[in-house]
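The chain contents come next:
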Amino acid sequence: MRKYITILAVIIYSTSMVAQTEFDASKFLQTDINGTARYMGMAGSLSAVGGDATAIKDNPAGIGLYKNSEFMATGNMQLQKSKANWYSGTGFFSQSNIGLNGFSFVLVPSSLKKQSKDKKDKKRKRESLFTQSFALSYNKLANFNRKLFIGSNDNATQTSISDYIAYNTGNIKGTDLGSSSVYQNDNAPWISALANKAGLITEIADANSSTWVSSLGNAEKITPSYYASEKGSLNELSLGWAGSYKNFIHLGLTANIQTLNYSCVGKYSEKMELGGTMDLKDSISTKGTGINFKLGAIVCPNENFNVGISVQSPTVYALKDNSNGQINIDRGTPSTFSTPLAIVEYKLQKMVQFGISAAYMYGEKGLVSGGVDYALNSRARLKSQSGDALYYMSENQAIKDNLKNILRFKIGGEYNINENVTVRAGLAYTTRSTDQNANEFLRQNTKRIDTQYFIGSGNMYESVGAGYHTNKWSVDIAFTNKNLSETFYPYNDNDLSNKNTAGTVKTSANNIVVSFGYKL
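One structure accompanies this document, and this report is about it. (Residues numbered from 1 in each chain as written. Predicted model: local features only at pLDDT ≥ 70, side-chain atom pairs only at ≥ 80, totals over all residues. Heavy atoms only, no water.)

## Some words on empty space enclosed by the protein
- Within the structure shown, the criterion is met by seven cavities of 30 Å³ or more.
- Taken as a whole, the second largest cavity holds about 410 Å³ of empty space.
- Around the second largest cavity, the lining is made up of 27 residues, and of these Thr31, Lys294, Gln353, Asp373 and Arg408 lie nearest the centre.
- Class assignment for the residues of the lining of the second largest cavity results in nine nonpolar, nine polar and nine charged. (1 Å grid on protein atoms, 1.4 Å probe; cavity = no way out; pocket = protein on both sides within 12 Å on 5 of 7 lines; lining within 4 Å. Points joined across faces, edges and corners; volume = space filled by probe spheres on them. Nonpolar A, V, L, I, M, F, W, Y, C, P; charged D, E, K, R; others polar.)

This is the structure:
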């Protein structure tokens, strides 16, 4: 095993090598049920009800159901817990954070007009036929904050990540993999170059070809573990308009700018049975922006019943990844080996989304509402900076094969105890985003060294809430719980003789949400 450190003093900038996978795309395509306390307290089922700052993002026609101009701001405190089980070992991690869910300002011009009684009487008929409203809003669409630890028992398995790396290194020559220019070679995975420098894999060469094997001893067992810390969010700033005719039909449109900020620091570790340890650390950050438009309609055939429909245009995100990796290995002498910083710029196209909803209002006592959202995630596409999808042909085929179109079912209700106090509850369920048989493949041109991936099930969302409203101001509070179960794979072992046992991770996120509103 070679023990030396290669120092690269240059930062490599290239778009000819790939950093993204279908699992990255899946993470960025999904949104949470997040927003005002009223919205979250009813599990996001306000699309047909309207008149709520967050419901605007689901159906812009809801702007037209505002009766008064209003400013609203929402804060959130989240407690996230992750529990894991792997090779009979357990892991637990929790964290809390406080942040802003969003704010909005809705302008209803007719509610601000101060006219004489005569003018009001003369224009009453005309004004009742058609009204307009405008909105400026900011909403947090997804919260990526999570920490988790997945541990295993001593001497758990004979399968090492070095077996996986060796197999996927293929027939690359050792002279190529160990050269000073290896990180500029489009046909050499950076994780293979890093593992070779650290002595994790060994070349078996003859006159015609090369193969690679793990440097661990025959039948040597290892104890694996994995830690990750994720941070970031997907946010949306919207400018919207709605027009209403006879309070019968409401049409709305929003222009939306979305900003994505995500980072993850992960560490996969192995403790070797015959002595020694290895830590494979990876760091990835992704930032970018996207633009889309949303069109919605709400029809109110009578004072008790509303029906809504909405469609969102494709969103094209311009994204930039910064990533690097490091191996710390100690088999008698500690050594550290690192990759240079990889910078990749690309585009991610999110396809059309649809929503349908309905609500029943029973007088002044309250309402029941529900809806279904549908996202065509399996049709998402990675593209080069110039917009060429062929550049990511294999990745896009993997998206089509492994990602699922998502359905989200929402139902909720609220009951007015009196003219000031309201209580709420809601349930929502989101179908799985990834095929249960999906696998991540190590591509020859990848710069990334993170090999782990998660296969998630559908997730359940439960909520309760309450509000106190006066003619001028309001305060609402909600408590929510979201549960997600995932299967964890440290790497794809389909082609290895020794198989891994998949781990299980259960993540729960509890939120306490408070909204303050003021009517003008």
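## What to know about the side chain of glutamine 80
- Structurally, the position occupied by glutamine 80 is in strand S2 (residues 70-86).
- For glutamine 80, a relative accessible area of 2% corresponds to the buried category.
- At 2.6 Å, the side chain of glutamine 80 forms a polar contact with the side chain of serine 82.
- Within the structure, the side chain of glutamine 80 is placed 3.2 Å from the backbone nitrogen of lysine 147, a separation counted as a polar contact.
- Leaving out residues up to four positions away in the same chain, glutamine 80 has contacts with Phe93, Ser94, Gln95, Asn145, Arg146, Lys147, Thr507, Ser508 and Ala509. (Helix = DSSP H or I, 4+ residues; strand = E, 2+ residues; numbered from the N terminus. Buried < 20%, exposed > 50% of the residue type's maximum accessible area, 1.4 Å probe, protein only. Polar contact = N/O pair within 3.5 Å; in protein donor to acceptor, adjacent residues only side chain to side chain. Contact = heavy atoms within 4.5 Å.)

## Here's the deal with the pairing of strand S16 (residues 366-375)
- Looking at chain direction, strand S15 (residues 353-361) and S16 are connected through nine bridges and run antiparallel. Bridging from a neighbouring strand, phenylalanine 354 pairs with tyrosine 374 of S16.
- Linking two consecutive strands that pair antiparallel, namely S15 and S16, is a turn of four residues; a positive phi of about 65° is found at glycine 363 within it.
- Note: S16 against strand S18 (residues 406-416), ten bridges, orientation antiparallel. Paired with valine 368 across the bridge in S18 is glycine 413. (Pairing = 2+ DSSP bridges.)

Don't take any of this as a statement about function, it's just geometry.
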